[in-house]
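Fold and geometry: a report
One letter stands for each residue in the lines below.
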Amino acid sequence: MTDNREIPTPHIDEETRDYWDGASAGKLMVKKCRSCGAAHHYPRTICPHCGSDDTYYTESNGKGVIYSFSVMRRVQPNFAIAYVTVEDMEIKMMTNIINCDFDALEIGQAVKVTFVETQTAGVSVPMFEPA
Ligand SMILES: [Zn+2]
């Protein structure tokens, strides 16, 4: 099932503009660090692992597994909030799981990124759905 929630427009600033531009173009962009090699999320100019400012964006393949989730049943329409491990980047993202049967969601379930338009036409956010 697909919920029909209105998704708020994200706050976009210079530090996150390439991330949101990527999402609106159907790409999951992740920050990596040239100094220590690790990826991080949410995107920051300064690497949270080593403090270097030598960071850059790279595109993830968007494949992941559910690390943890919770279904919000006291609001209409219901929705599922989750932490997803994005496997190729070894990061976890707070996100929503959509296009799914909430009763069938499981920790460890394979999911893939999809992009959902927000209240602002042309601005999308990444979410995940069963793979
Ligand atoms: Zn680093």
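Residues numbered from 1 in each chain as written. Predicted model: local features only at pLDDT ≥ 70, side-chain atom pairs only at ≥ 80, totals over all residues. Heavy atoms only, no water.

Under an unreviewed UniProt entry, the name given to the protein chain is Zinc ribbon domain-containing protein, and the source organism is Sneathiella marina.

A few words now on the coordination of the zinc ion. Around the zinc ion, the protein contributes the donor atoms Cys 33 (SG), Cys 36 (SG), Cys 47 (SG) and Cys 50 (SG), at 2.3 to 2.4 Å from the metal centre. One can describe the donor arrangement at the zinc ion as tetrahedral, given that its four donor atoms subtend angles of 104 to 115° at the metal. The exposure class of Cys 33 is buried, given its relative accessible area of 3%. (Donors = N, O, S within 2.8 Å, 3.2 Å for Na, K, Ca; no water. Tetrahedral: all angles 85-135°; square planar, octahedral: opposite > 155°, others 65-115°. Buried < 20%, exposed > 50% of the residue type's maximum accessible area, 1.4 Å probe, protein only.)

Considering the arrangement of structural elements, one finds Ile 81 in strand 5 (residues 79-86). In this structure the C-alpha to C-alpha distance between Ile 81 and Gly 108, which are 27 residues apart in sequence, comes to 15 Å. Discounting residues that sit within four places of it in the chain, Ile 81 has contacts with Ser 68, Phe 69, Ser 70, Met 72, Met 94, Thr 95 and Asn 96. (Helix = DSSP H or I, 4+ residues; strand = E, 2+ residues; numbered from the N terminus. Contact = heavy atoms within 4.5 Å.)

Inspection of the entire model under this criterion finds four salt bridges. Put simply, Glu 14 and Arg 17 hold a salt bridge, and the shortest N to O gap is 3.2 Å. For Arg 73, the salt bridge goes to Asp 103, with nearest N and O atoms at 3.0 Å. One end of the pair, Arg 73, is in the loop between strand 4 (63-72) and strand 5; the other, Asp 103, is in the loop between strand 6 (91-97) and strand 7 (110-117), with 30 residues separating them in the sequence. (Salt bridge = Lys/Arg side-chain N within 4 Å of Asp/Glu carboxyl O.)

Our next topic: the side chain of Ser 124. Tracing the chain through its elements places Ser 124 in strand 8 (residues 124-130). The exposure class of Ser 124 is buried, given its relative accessible area of 9%. Residues in contact with Ser 124, not counting those within four places in the same chain, are Trp 20, Ala 23, Ser 24, Phe 115, Val 116, Glu 117 and Thr 118.

Most of strand 1 (residues 28-33) is tucked away: five of the six residues are buried. The pairing of strand 1 with strand 3 (residues 55-60) spans six bridges and is antiparallel. Looking at strand 3, one finds that Lys 31 is bridged to Tyr 57. The sheet contact formed by strand 1 and strand 2 (residues 39-40) spans two bridges and is antiparallel. Within strand 2, the position partnered with Lys 32 by the bridge is Ala 39. The turn linking strand 1 back onto strand 2 is made up of five residues, and Gly 37 within it adopts a positive phi angle of 85°. (Pairing = 2+ DSSP bridges.)

This next bit is on unusual backbone geometry. Keep in mind that most residues, glycine aside, have a negative phi and that most peptide bonds are trans. Look at the link from His 41 to Tyr 42: it is a cis peptide, with omega at 10°. Summarising the element assignment, Tyr 42 is placed in the loop between strand 2 and strand 3. In this model, Gln 76 is joined to Pro 77 through a cis peptide bond whose omega is -10°. For Asn 99, which is not glycine, the phi dihedral falls at a positive 55°. Summarising the element assignment, Asn 99 is placed in the loop between strand 6 and strand 7. Owing to a relative accessible area of 32%, Asn 99 belongs among the partly exposed residues under this scheme.

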